[in-house]
Amino acid sequence: MRDNSSPSGSFPFLHTAAPLSQESLWRSISFFNLYRLILGGFLVLVAAIFGKVLLSEQNQSWFFWVSAAYTVLVLVSVVTVNMRKPRSGYQLAFQVCTDIVAIALLTYFSGGIQGNMGMLTLVSLALAGMISRGRITLLYAALASIAVLLEHGYAVLTVDAAAAQFFQAGVLSISYFAVAWLAHTLSKYALASEKLAFLRGVDLSNMAEANRLMIQDMPDGVLVVDERGMVRQSNPGAERLLGYTFAVGGKSHLSECSPLLEAMFAAWRQNKALGNEVLRLPGSDHPVRVRFLPVQREGFWGAVVVLEDVQRVQEQAQQVKLAALGRLTANIAHEVRNPLSSISYATELLKEQKHDPSQDRLFQIILENATRLNRIVQDVMQVNRRDRLQSVSLNLLARLEEVVESLCQVEQVPREVFEMRVDAALTARFDGGHFEQVLWNLCRNALRYSQKQTGSVRLRAVTEDGRVVLEVSDDGPGVPADAAQKLFEPFFTTDAGGTGLGLYIARELCEANGAKIEYKRAPDGGACFRILFGSNDEH
């Protein structure tokens, strides 16, 4: 099915990639680096501009160089992330550990724990927890807690920091673990939601692809139209019935492909009882039944427009009837054949005995009708054996010559009655016996109704659209228009002595061999039967 809203992708049943791709992980680390780069630049700026006001001269110098070193390490991380080396886990661990060490040093040089520089570590731990989505975040929290306690212990020993502030350091450490655990829990739920969304997306893609493949092979035309009348999807059946080609990846309005269909869609939206109507669309030679199926669950979204070829449905129904009739007649023929043989045999015996010569005509009538019934039985049983074929590549010129020569001998007509225009290189795949039976029937009919002059029966083979086409035509009166539609129906004949099964059998044998037979009026007014052969590929 053609999707007019976006180009269809490859078959999604084979797509089992994990939702957490490495690319998305590297992208998250890049955003983390962006935050760290902004932070490093801000710290360097603060140390350079406000350091002398906020810090002592010695601490201001150390604060500036630590901030500058931190910024340089962040720039190194940016380069390695772009190179995708080393692995993402090592990258994240290096960045978090760099943040922990740098913030611990900045805390010491900014006046200790009471400066609240340690709060910056909370942001790094939270972001690391959402990126790593594992319990390693708790390890980062433990390292940060150790760094805070060591920093404050060293400050107590070197700069006489208050020992009572160990409580504040402990609270900060607990907050590290709390943030790390919270980030770990939230990331776990986010991971589960992402996996569920991924699986739902795969299921939806599989269902959409299955629907597309199923609708693609539907003989009926299908259009998916939104509430504005824009065609979102279509299939080849719709293009064939509408005589319009939808652009791949583009959007077409319903009025562009069929103004009549667009008017029916607008009328159907006002009155849902107007659907299911039969009409002739401008792009189709056959009557088409149009049905609108609403697509609505929470409000009207659009409709599925089904275009059903009425003639195809009628032909399918006719085929089902003819198949049932064929099975019935085959069974009847089998049962009739034995009594018919007995009647013929008994008539022959009576004819040989002494009897009144006036009865010879009666015996002859019995034998002629028994022979005719036997021919009908044989024809019916041949139809029943249509599937027993052996398809081979036939040289049309050679086989036609054989059929024509045999027919000329049987019918006692000169060879010049048949005019043949067939390329010696043309071939077609067909069962040999079936081909001879079909050609014999067509050529005999053409000879019967022709004027039996030179070139009265014409056999021509050409190639049309990659298919070999064989035409058998005559210069007779042709077939009346009212009878032409019934030519291939069983037991229909315009000849009083015919069985009415010849053309029906020819059509059945052609279909069994992947070919098609059709009738058209010849340019000179005679009859012309065309056999459109199938592909020459071996199956």
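These numbers come from a predicted model, not from an experiment.

*Asks:* Would you mind going over the sheet that holds strand S9 (residues 418-421) with me for this structure?
*Replies:* Sheet strands associate in pairs through backbone hydrogen bonding, adopting either a parallel or an antiparallel arrangement. Ordered by their spatial adjacency, 5 strands build an open sheet running S9-S11-S12-S14-S13, and the pairing between neighbours is mixed. A strand with exactly one partner marks an edge of an open sheet, and here the two such strands are S9 and strand S13 (516-521). With direction set aside, neighbouring strand axes in the sheet form an average angle of 20°. For strand S11 (residues 457-464) and strand S12 (residues 467-474), the ladder comprises 8 bridges, and the chain directions are antiparallel. Bridge assignment links alanine 461 to a residue of S12, and that residue is leucine 470. Most of the contacts of helix H12 (residues 396-411) go to S9, to which it runs at about 175°, and overall it touches S9, S11 and S12.

*Asks:* Looking at this structure, how should I read the packing of aromatic side chains?
*Replies:* Two descriptors summarise a pair of aromatic rings, namely the distance from one centre to the other and the angle between the planes of the rings. Inspection of every chain in the model, using the stated rule, returns 13 aromatic pairs. Between tryptophan 62 and phenylalanine 109 the ring centres are 5.4 Å apart and the planes differ by 5°, which places this aromatic pair in the stacked class. Here tryptophan 62, found in helix H2 (residues 57-83), pairs with phenylalanine 109, found in helix H3 (residues 88-109); they are 47 residues apart in sequence, far enough to count as distant. Residue class for phenylalanine 109 comes out buried when judged on its relative accessible area of 11%. The rings of Trp62, Tyr108, Phe109 and Tyr154 are connected pair by pair, giving a single aromatic cluster.

*Asks:* How should unusual backbone geometry be read in this particular structure?
*Replies:* That bond from lysine 85 to proline 86 is cis: its omega, -10°, falls within 30 degrees of zero. Relative to the helices and strands, proline 86 is located in the loop between H2 and H3. The phi dihedral of arginine 84 falls on the positive side, at around 60°, and the residue is not glycine. Mapped onto the elements of the fold, arginine 84 is located in the loop between H2 and H3. You will see that glutamine 412, though not glycine, has its phi angle at about 55°, which is positive. Of note, glutamine 412 is situated in the loop between H12 and S9. By relative accessible area, which is 66% here, glutamine 412 ends up exposed.

What counts, and where the lines are drawn
Residues numbered from 1 in each chain as written. Predicted model: local features only at pLDDT ≥ 70, side-chain atom pairs only at ≥ 80, totals over all residues. Heavy atoms only, no water. Pairing = 2+ DSSP bridges. Helix = DSSP H or I, 4+ residues; strand = E, 2+ residues; numbered from the N terminus. Axes fitted to C-alpha atoms, helices over the stretch in contact; angles between N-to-C directions. Contact = heavy atoms within 4.5 Å. Phe/Tyr/Trp six-rings, centres within 6.5 Å; stacked < 30°, edge-to-face > 60°. Buried < 20%, exposed > 50% of the residue type's maximum accessible area, 1.4 Å probe, protein only.

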